[in-house]
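# Fold and geometry: a report
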Amino acid sequence: EPEVTQTPSHQVTQMGQEVILRCVPISNHLYFYWYRQILGQKVEFLVSFYNNEISEKSEIFDDQFSVERPDGSNFTLKIRSTKLEDSAMYFCASSDQGSSTDTQYFGPGTRLTVL
Amino acid sequence: LAKTTQPISMDSYEGQEVNITCSHNNIATNDYITWYQQFPSQGPRFIIQGYKTKVTNEVASLFIPADRKSSTLSLPRVSLSDTAVYYCLVGDGTGRRALTFGSGTRLQVQP
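### Comments concerning the interface of chain B and chain A
Tallying the contact residues gives 18 residues for chain B and 21 residues for chain A. By the criterion of area lost to chain A, the three top residues of chain B are Arg-97, Leu-99 and Phe-101 of chain B, representing 36% of everything that side buries. Taken together, chain B and chain A are joined by one salt bridge. Between Glu-56 of chain A and Arg-97 of chain B there is a salt bridge, and its shortest N-O distance comes to 3.9 Å.

Laid out in structure tokens, this is it:
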């Protein structure tokens, strides 16, 4: 069964550093998403992406965040200057049609630790 | 926004049927009900989705009464590997793709 993959599985960084989290969505999917989950808290939506543009974003997704699809397979989340409170699991997801009823398939996540 | 309410936790034993009920009193006419499962340190995994009445797949059944103000996820004959957090999600009526997760129900299956 096709699956979403994410790298790295764990990223440790110093406060103020830039990090790039990488995702490879399912190959025929067109809609891509990033979510995060702070330890012990809810899964929170960050951003959705379609046709090389952001289609929705949450209040969490401020100017320090950016997303990109640099090639035909990767989808990245960049955090420009990390803060302690950015420590969380970051999940990438993809769906093939992007309707509100469409199944989103999640990757295994990247655990980001900001020191 | 359509808000969901689920029990915080449930306990069960292997081989039992587990029913997790979710209330969503303000569900919009065009909203579907979707359930996801999450194991520790993993991404959520789609289980089942429905609009009304009953839906069944190889993993679970979903029961939705006519008023759609609640839904029940039924897991037949649970095993230890079904220990996870189960989330009930409904849309907000606007067709947004962003999934809104609540706190979910933590199911603990004992041997």
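### Focus: the pairing of strand E5 (residues 43–50) of chain A
All names here are of chain A. For E5, a buried count of six out of eight residues is recorded, marking the element as mostly surrounded by other parts of the structure. For strand E4 (residues 31–37) and E5, the ladder comprises seven bridges, and the chain directions are antiparallel. Looking at the pairing, Tyr-33 lines up with Ser-48 of E5. Between the antiparallel neighbours E4 and E5 lie five residues, among them Gly-40 with a positive phi of about 80 degrees. As defined by bridge partners, E5 adjoins strand E6 (residues 53–57) across four bridges and the pair is classed as antiparallel. What sits directly across from Val-47, in E6, is Lys-57. Hairpin connection from E5 to E6: two residues lie between these consecutive antiparallel strands, with Asn-51 at a positive phi of about 55 degrees.

### Re the environment of Asn-57 of chain B
Residues and elements named next belong to chain B. Within the secondary structure, Asn-57 is located in the loop between strand E5 (53–56) and strand E6 (61–64). Since its relative accessible area comes to 26%, Asn-57 is described here as partly exposed. Linking Asn-57 and Val-90, residues 33 residues apart in sequence, is a C-alpha distance of 19 Å. The contacts of Asn-57, once residues within four sequence positions are left out, are Ile-47 and Ile-48. A polar atom in the side chain of Asn-57 sits 2.7 Å from the backbone oxygen of Ile-47. Here Val-59 takes part through its backbone nitrogen, which lies 2.8 Å from a polar atom of the side chain of Asn-57.

### A look at the pattern of salt bridges
Residue and element names in this part refer to chain A. Counted under the stated rule, the structure contains two salt bridges over all chains. With a closest N to O distance of 3.2 Å, Arg-36 and Glu-44 form a salt bridge. With a relative accessible area of 10%, Arg-36 lands in the buried category.

### Looking at the sheet that holds E5 of chain B
Residue and element names in this part refer to chain B. Read across the open sheet, the four strands follow the order E2-E7-E6-E5; overall the sheet is antiparallel. Because the sheet does not close on itself, it has two edges, and the strands there are strand E2 (18–23) and E5. When the angles between neighbouring strand axes are averaged without regard to direction, this sheet yields 15 degrees. In this sheet, E6 lies alongside E5 in antiparallel orientation, the contact comprising four bridges. When the sheet's bridge partners are listed, Thr-53 is paired in E6 with Ile-64.

Here is what the cut-offs are and how they apply
Residues numbered from 1 in each chain as written. Chains lettered and ligands numbered in written order. Predicted model: local features only at pLDDT ≥ 70, side-chain atom pairs only at ≥ 80, totals over all residues. Heavy atoms only, no water. Contact = heavy atoms within 4.5 Å. Buried area = accessible area lost by both parts, 1.4 Å probe. Salt bridge = Lys/Arg side-chain N within 4 Å of Asp/Glu carboxyl O. Buried < 20%, exposed > 50% of the residue type's maximum accessible area, 1.4 Å probe, protein only. Helix = DSSP H or I, 4+ residues; strand = E, 2+ residues; numbered from the N terminus. Pairing = 2+ DSSP bridges. Polar contact = N/O pair within 3.5 Å; in protein donor to acceptor, adjacent residues only side chain to side chain. Axes fitted to C-alpha atoms, helices over the stretch in contact; angles between N-to-C directions.

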